[in-house]
Protein chains: 2
Amino acid sequence: MVTNTKNNHEMKCPVSAMIGLIGGKWKPIILYCLRSETRRFGEIAARIPHISRKVLTEQLKELERDGLISRQQFNEIPPRVEYTMSEVGKSLSPIIQEMEKWGQQYIIDRQ
Amino acid sequence: MVTNTKNNHEMKCPVSAMIGLIGGKWKPIILYCLRSETRRFGEIAARIPHISRKVLTEQLKELERDGLISRQQFNEIPPRVEYTMSEVGKSLSPIIQEMEKWGQQYIIDRQ
DNA sequence: TGTATTAGTTACCATTTCGTTACCATTATT
DNA sequence: AATAATGGTAACGAAATGGTAACTAATACA
């Protein structure tokens, strides 16, 4: 999945742009994890088995950079960082739900 | 999304599955190119500048394997091969349209 | 004979993405 | 003094993806 928008073609295709935002191996699951709850870094990691911290960090950074989630850091020891869906991220929910329905049906039909 | 429950986190997330089908650098553009017309290999290549024949072949094969398009080969010289959206592919159109609308708005808002 | 045409394939390389392991800073607790 | 807790980084490598250039088969046509 190509996520950045340096390529002109991709910049002009809104569908590619959107797939770039929510695609990749882990982003759908991360967004699902945050769909209705604010969560700490460690909570997300615990709820998504097999994701490495490095990749989780990277994906969260991208999601934040792209405005889909927001990150709040508390100056405590040990550190606390909370991630929350932004309004932009929430505006995606209906489409993601439709994608989910379609994907489920597709999986069933293909079996 | 059903992925990240403890018992079946091996199971693939339907949203990821769908993104896998239509994601990547060129598939959205290919699907757009075929949305209402049957087209020959060369026509698709001509309408998508900068795509290499190798990658176009690969992506068309995957789209066909996944049931989103169908391929019809005519035994002529020089060869003729036509690609058409399948019913499954067409059933994606409403979602892709929603993605397009959302993506357009996102691009506007981010400028 | 030589060239054009179509829909690819093959070999090879570059870039992107994903994964593993070890490590860090700071404080409270033992 | 050692350890645990949290939210990361750094170094490295493997795998997936994308790109380039050369090549192919079969026939029509000049």
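Residues numbered from 1 in each chain as written. Chains lettered and ligands numbered in written order. Predicted model: local features only at pLDDT ≥ 70, side-chain atom pairs only at ≥ 80, totals over all residues. Heavy atoms only, no water.

A. Local environment of the interface of chain B and chain A. Residue-level contacts link 42 residues of chain B with 41 residues of chain A. Summed over both sides, the interface between chain B and chain A buries roughly 3500 Å², with carbon and sulfur atoms accounting for 74% of that surface. For the interface between chain B and chain A, the tally reads zero salt bridges. The tally of links between chain B and chain A comes to six residue pairs in polar contact (both at pLDDT 80 or more). Going through the elements one at a time, α1 (14-22), α2 (27-34), α5 (87-91) and α6 (93-110) of chain B are the ones with two or more residues in the side of chain B that touches chain A. (Contact = heavy atoms within 4.5 Å. Buried area = accessible area lost by both parts, 1.4 Å probe. Salt bridge = Lys/Arg side-chain N within 4 Å of Asp/Glu carboxyl O. Polar contact = N/O pair within 3.5 Å; in protein donor to acceptor, adjacent residues only side chain to side chain. Helix = DSSP H or I, 4+ residues; strand = E, 2+ residues; numbered from the N terminus.)

B. Spatial organisation of the environment of A:Glu76. All names here are of chain A. Secondary-structure assignment places Glu-76 in the loop between β2 (69-74) and β3 (80-85). With relative accessibility at 35%, the residue Glu-76 sits in the partly exposed group. In this structure the C-alpha to C-alpha distance between Glu-76 and Ile-108, which are 32 residues apart in sequence, comes to 47 Å. A polar contact of 2.8 Å, which involves the side chain of Glu-76, links it to the side chain of Arg-80. (Buried < 20%, exposed > 50% of the residue type's maximum accessible area, 1.4 Å probe, protein only.)

C. Up close: the sheet that holds strand β1 (residues 39-40) of chain B. Residue and element names in this part refer to chain B. Taking strand neighbours across the sheet as the criterion, the three strands line up as β1-β3-β2 in an open arrangement whose pairing is antiparallel. Every other strand in the sheet has two partners, leaving β1 and β2 (69-74) as the edge strands with one partner each. Two strands pair when backbone bridges link them, and β1 and strand β3 (residues 80-85) are joined in this way by two bridges, in the antiparallel orientation. What sits directly across from Arg-40, in β3, is Glu-82. Where helix α4 (residues 53-65) meets the sheet, it contacts β2 and β3, and its direction lies at approximately 115° from that of β2. (Pairing = 2+ DSSP bridges. Axes fitted to C-alpha atoms, helices over the stretch in contact; angles between N-to-C directions.)

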